[in-house]
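Here is what each chain is made of, one letter per residue.
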Amino acid sequence: MMSSDHKNWSTLITERHMLLLLLTLGGLAGAYLFVFAGTSLGMLFYMLPLTLLFIIVCLSSPVRCFFLLYLASYFVMGLARYVTFPMPAGVILDILILFNFLSLCLHYIRGNPIGKLYFNPFLIISMFWMLFCFLEIINPMSTFGNWITTVRNIGIHIVVFQLLVFLNLDSLPKLRLFFGFWGMLILLGALKAIGQKYIGFDRFESAWLYTFGAHTHVIYSGIRYFSFFTDAANFGCHMGLGIVVFTILSFYEKVANRRLFYIIVALIAFYGLMISGTRAAVAVPFIGFAFFILLVKEWKWIVIGGALLVLAFSFFNLTTIGNSNGDIRRMRTAFSFSDDASFNVRLENQKKMRSFMSDHPFGIGLGGSKHANEGDLIHGIATDSSFVFIWVETGIVGLILYILLCLTILGFGAYYVLFVLRDNRIKSITAAATAGLSGIMVAGYANEVLHQMPTGQTVYILMGIIMLSPIIDKKLAYDNTAV
């Protein structure tokens, strides 16, 4: 009799009923909190189940966690204009990095495959650079607060993001997934800037533009648009990087839909570069495509690419066509260095820095140039360049190490494309990444963009992809099913 009653109850009360009961009780509890505890606590209560579900979904897939980290690097600085975070943006990225490694550990414990750590020469050089940045803490001119705010982005992330690439993007489909994801973010960034130009700024963007950004973004030739990036220089150079990478990917892509997507990304990114008003960004596609021409061994691309570069250079440097358009007129000034007042100011600032940097071979300490007080050597002198920034904060010793690191990754990329890689699909990705890095590194001399989010994180990911390419190439030699 008892067993039959139990069976009747089990058929009457199903999992669906229990779920409905929990939702009803949760809704009533949330309504109670809204009325008696305030809107914030009520919203927090309602968001808690969704947050837990989101965390569970992300933890179940390391690749999702990796994309979440990259997404955060893309948007966190823009969101800071609207929301006051309870912690610095760098700490948010640190938490997500730990979240990534937790997801990888759980994935591995459950017996699921993950990528392998590939201890290659460039990773070892990057780790040596990270160690050098760690040792900057003993620089007598540095403080712990300044050091900790700077060491992550220029020293730790270059290693961490390479490791995450090795562990997460270890196949051709995953690489294509990343480029699709990055392409969508580039489109969002460019479309946001286009909206700023043709629709206008919201009150938060206007508040930033006419206070902190007024000196550099509201200029005689018009407004420099910045999207949700830290500034127009970061935005414009990032768009230039996108132009190079996605144009080269489109050259070799055989699937029509993907090729169309790459072309659209490159074209929209080009317009984003134009309206950013960043002259240094113009160097990214010029240098990137020139480097690509050197990489390819096909006369077709050498002739076509060389002719297009000459035509583009002639258009901007030898003609006045399109000068009625403010965006074209600003891009044209990038080819007249002697007439560029801001470039001459940079040279003057570097002359002032030389007067005291010879006495500081290890620099003034990480974070010293961004947190200078009155009376400090660097006070009132802007670095305005990624390489000058490295020079000032880590000295001539650090600058030499950093330049060697940049040249090493370009050397590995060129060597792999020319002599090692056999599969054209991974070869095209490596060529695109190498050419893009060559362009963004040249732009890093004129603007401080190599360590800003999300450009810095993108650069580190592309470095990891280059060094991972021989491993994927070997996999493709045994398994040619990916298209």
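These remarks concern the structure in this document. Nothing here was measured: the structure is a model prediction, and the numbers come from that model. (Residues numbered from 1 in each chain as written. Predicted model: local features only at pLDDT ≥ 70, side-chain atom pairs only at ≥ 80, totals over all residues. Heavy atoms only, no water.)

## Quick notes on the overall build of the protein
Our working rule: Counting from the N terminus, the helices are DSSP H or I runs at least four residues long and the strands are E runs at least two residues long. Burial here depends on accessible area, computed with a 1.4 Å probe over protein chains only, as a share of the maximum for the residue type. Under 20% is buried, over 50% is exposed, and the range in between is partly exposed. We call two residues in contact when some of their heavy atoms are within 4.5 Å. Per-residue and other accessible areas were derived by the Shrake-Rupley procedure at a 1.4 Å probe size, with only the shown protein chains allowed to occlude residues.
Helices and strands together make up the secondary structure of the protein, namely 19 helices and two strands. Out of the 483 residues belonging to the protein, those deemed buried represent 49%. For the protein, the proportion of contacts with a sequence separation of at least 24, taken over those separated by at least 6, is 75%. About 23800 Å² of surface is accessible on the protein, with carbon and sulfur atoms providing 72% of the total.

## Notes on the pattern of salt bridges
Our working rule: By salt bridge we mean one thing: a side-chain nitrogen of Lys or Arg within 4 Å of a carboxyl oxygen of Asp or Glu.
If you walk through the whole model with that rule in mind, you get six salt bridges. Across the pair Asp170 and Lys475 runs a salt bridge whose closest N-O atoms are separated by 3.5 Å. Here Asp170, found in the loop between helix H7 (144-168) and helix H8 (172-198), pairs with Lys475, found in helix H19 (residues 455-478); they are 305 residues apart in sequence, far enough to count as distant. Given the relative accessible area of 14%, Asp170 is considered buried. Between Arg258 and Glu253 there is a salt bridge, and its shortest N-O distance comes to 3.3 Å.

## Remarks on the packing of H8 against helix H11 (residues 232-252)
For clarity, the cut-off: The axes are straight lines fitted to the C-alpha atoms, using for helices just the contacting stretch, and the angles between their N-to-C directions are given from 0 to 180°. Should an angle fall under 35 degrees it is called roughly parallel, over 145 degrees roughly antiparallel, and 65 to 115 degrees roughly perpendicular, with every other angle called oblique. A clockwise turn of the near helix away from the far one marks a right-handed crossing, whereas an anticlockwise turn of less than a right angle marks a left-handed crossing. Throughout, the ten residues Ala, Val, Leu, Ile, Met, Phe, Trp, Tyr, Cys and Pro are labelled nonpolar, Asp, Glu, Lys and Arg are labelled charged, and all others, Gly among them, are labelled polar.
At a minimum axis distance of 11 Å, the contact between H8 and H11 shows a crossing angle of 135°. In terms of axis orientation, H8 runs oblique to H11. For the pair H8 and H11, the crossing hand works out as left-handed. Residues Phe179, Trp182, Gly183, Ile186, Gly189, Ala190 and Ala193 of H8 pack against Phe235, His238, Met239, Leu241, Gly242, Val245, Phe246 and Leu249 of H11. Each residue belonging to the contact of H8 with H11 can be placed in one class, and the counts come to eleven nonpolar, four polar and no charged.

## Quick look at the environment of Phe270
By the secondary structure assignment, Phe270 is in helix H12 (residues 256-276). Overall, the relative accessible area of 37% leaves Phe270 in the partly exposed class. Sequence-wise, Phe270 and Val244 are 26 residues apart; in three dimensions their C-alpha atoms are separated by 9.7 Å.

## Regarding the side chain of Ser227
Applied cut-off: In the analysis that follows, any N or O atom pair within 3.5 Å is treated as a polar contact, provided that within protein one partner can donate a hydrogen and the other can accept it, and provided that, for residues neighboring in sequence, both atoms belong to side chains.
Summarising the element assignment, Ser227 is placed in the loop between strand E2 (222-223) and H11. Accessibility expressed as a relative area gives 0% for Ser227, which makes it buried. Here Gly189 takes part through its backbone oxygen, which lies 2.7 Å from a polar atom of the side chain of Ser227.

## Comments concerning H12
Under the convention used in this document: In this analysis, the expected span of each helix is defined as 1.5 Å times one less than the number of residues it contains.
Under the 1.5 Å per step criterion, the end-to-end length of H12 is 30 Å for 21 residues, consistent within 8% with the ideal 30 Å. All of the buried residues in H12 are Tyr262, Val265, Ala266, Ala269, Gly272, Leu273, Met274, Ile275 and Ser276. Phi for Gly277, located one or two positions after H12, is positive at around 65°.

## With respect to helix H5 (residues 89-109)
For H5, with 21 residues, the first-to-last C-alpha span of 31 Å sits near the 30 Å given by 1.5 Å per residue. Considered for burial, the residues of H5 that qualify are Ala89, Gly90, Ile92, Leu93, Leu96, Ile97, Phe99, Asn100, Ser103, Leu104 and His107. Remark: Gly111 follows H5 within two positions and exhibits a positive phi of approximately 90°.

## A look at the environment of Leu172
Structurally, the position occupied by Leu172 is in helix H8. Classification of Leu172 as buried rests on a relative accessible area of 1%. C-alpha separation for the pair Leu172 and Ser469, spaced 297 residues apart in sequence, amounts to 9.3 Å.

## Notes on the packing of H8 against H19
Axis separation between H8 and H19 bottoms out at 10 Å; the angle between their running directions is 155°. The angle between the axes of H8 and H19 places the two elements in the roughly antiparallel class. The chirality of how H8 crosses H19 is left-handed. In this structure, H8 uses Leu172, Leu175, Phe178, Phe179 and Trp182 to contact H19, whose residues at the interface are Thr458, Ile461, Leu462, Ile465, Ile472 and Leu476. Its residues assigned to classes, the contact of H8 with H19 comprises ten nonpolar, one polar and no charged.

## Some details on the nonpolar core
As a rule of thumb, nonpolar side chains are buried together in soluble globular proteins. Filter applied, for reference: The criterion is simple. A nonpolar core is a set of buried Ala, Val, Leu, Ile, Met, Phe, Trp, Tyr and Cys residues joined through side-chain atoms within 4.5 Å.
One finds Phe178, Phe179, Trp182, Phe246, Leu437, Ile440 and Met463 to be the most contacted residues of the largest nonpolar core, which totals 128 residues. Ranked by residues supplied to this core, first place goes to helix H17 (residues 386-420) with 16 residues. Leaving out residues up to four positions away in the same chain, Phe178 has contacts with Phe66, Phe67, Tyr70, Leu169, Ile461 and Ile465.

## Comments concerning the environment of Gly464
Assignment of secondary structure puts Gly464 in helix H19. Residue classification places Gly464 among the buried positions, given a relative accessible area of 0%. For the pair Gly464 and Val160, spaced 304 residues apart in the sequence, the C-alpha separation amounts to 9.8 Å. The contact partners of Gly464, leaving out residues within four places of it in the chain, are Gln162, Val165 and Phe166.

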